[in-house]
Amino acid sequence: TRAEFAALAVQTYETISGSEVTYTASNFADCTNNEAVSKAYALDILAGYNSADTTSDVRVGPDNLITREQAATMLARLSEKLGKPLPAGSTPFTDTVSDWAQENVAQVYNAGIMTGTSDTTFSAKSNYTIEQSIATMVRMAEYVG
């Protein structure tokens, strides 16, 4: 889920950076007092599906299955927060990736953090598994050194 991926991203950040994320417990429109979600939101790794003046009006979809393009976007943000932004580039993928995720997909692909589901497909809307999530966090740790 998006909350589980947020928890892995926060754990990766705290382990690599050596510092605990400070945050204010946030009540979102669809999530109350979830430490991992609040920390990921505070780090700007996790964004809501909508923007609002207060977090209590923001929907973060904590129980939604995370898509491959959402994971790619969070990974690109995580790398930036760890002080090593991912390189720009292109991909060999011929399937559709949402406009808001295209740059991030290219970045994680070119850094070797995420691969396609085939030589020419990324499967952006497909769910990202816990096993894939763990593997990419290991690759993120290797990438940032």
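The structure reproduced in this document is the subject of the present report.

About the cut-offs
Residues numbered from 1 in each chain as written. Predicted model: local features only at pLDDT ≥ 70, side-chain atom pairs only at ≥ 80, totals over all residues. Heavy atoms only, no water. Axes fitted to C-alpha atoms, helices over the stretch in contact; angles between N-to-C directions. Helix = DSSP H or I, 4+ residues; strand = E, 2+ residues; numbered from the N terminus. Parallel < 35°, antiparallel > 145°, perpendicular 65-115°, else oblique. Left-handed = near helix turned anticlockwise from the far one by under 90°. Contact = heavy atoms within 4.5 Å. Nonpolar A, V, L, I, M, F, W, Y, C, P; charged D, E, K, R; others polar. Patch = residues over 30% accessible without salt bridge, like charges linked within 9 Å, V, L, I, M, F, W, Y side chains within 5 Å. Areas by Shrake-Rupley, 256 points an atom, 1.4 Å probe, with all protein chains shown as cover. Salt bridge = Lys/Arg side-chain N within 4 Å of Asp/Glu carboxyl O. Buried < 20%, exposed > 50% of the residue type's maximum accessible area, 1.4 Å probe, protein only. Phe/Tyr/Trp six-rings, centres within 6.5 Å; stacked < 30°, edge-to-face > 60°. Lys NZ or Arg CZ within 6 Å of the ring centre and 35° of its normal.

This part takes up the packing of helix α1 (residues 2-17) against helix α5 (residues 130-144). One can describe the packing of α1 onto α5 by two numbers: an axis separation of 10 Å at closest approach and a directional angle of 25 degrees. Relative to α5, α1 is oriented roughly parallel. α5 is crossed by α1, and the crossing has right-handed handedness. Contacts from Phe5, Leu8, Ala9, Thr12 and Ile16 in α1 reach Ile130, Ser133, Ile134, Thr136, Met137, Ala141 and Val144 in α5. A class-by-class count of the residues in the contact of α1 with α5 yields nine nonpolar, three polar and no charged.

Residues Ile130, Ile134 and Val138 make up a contiguous nonpolar surface patch of about 240 Å² in total accessible area. If you trace the backbone, Ile130 turns up in helix α5. On the accessibility criterion, Ile130 (41% relative accessible area) is partly exposed.

Enumeration according to the criterion identifies four aromatic pairs in this entry. Here the aromatic rings of Phe5 and Tyr128 are separated by 6.2 Å at their centres, their planes lie at 65 degrees, and the arrangement is edge-to-face. One end of the pair, Phe5, is in helix α1; the other, Tyr128, is in the loop between α4 (102-110) and α5, with 123 residues separating them in the sequence. One exposure class covers both Phe5 and Tyr128, and it is buried. Between Phe93 and Phe122 the ring centres are 5.4 Å apart and the planes differ by 45 degrees, which places this aromatic pair in the tilted class. In this pair, Phe93 is assigned in the loop between α3 (68-81) and α4 and Phe122 in the loop between α4 and α5, connecting sequence segments 29 residues apart. Each of the two residues, Phe93 as well as Phe122, counts as buried. Following the ring pairs from residue to residue traces out a cluster consisting of Phe93, Tyr109 and Phe122. The cationic tip of Arg2 hangs over the ring face of Tyr49; the distance from NZ or CZ to the ring centre is 4.5 Å. Seen from the ring of Tyr143, Lys84 lies directly overhead, with NZ or CZ sitting 4.5 Å from the centre.

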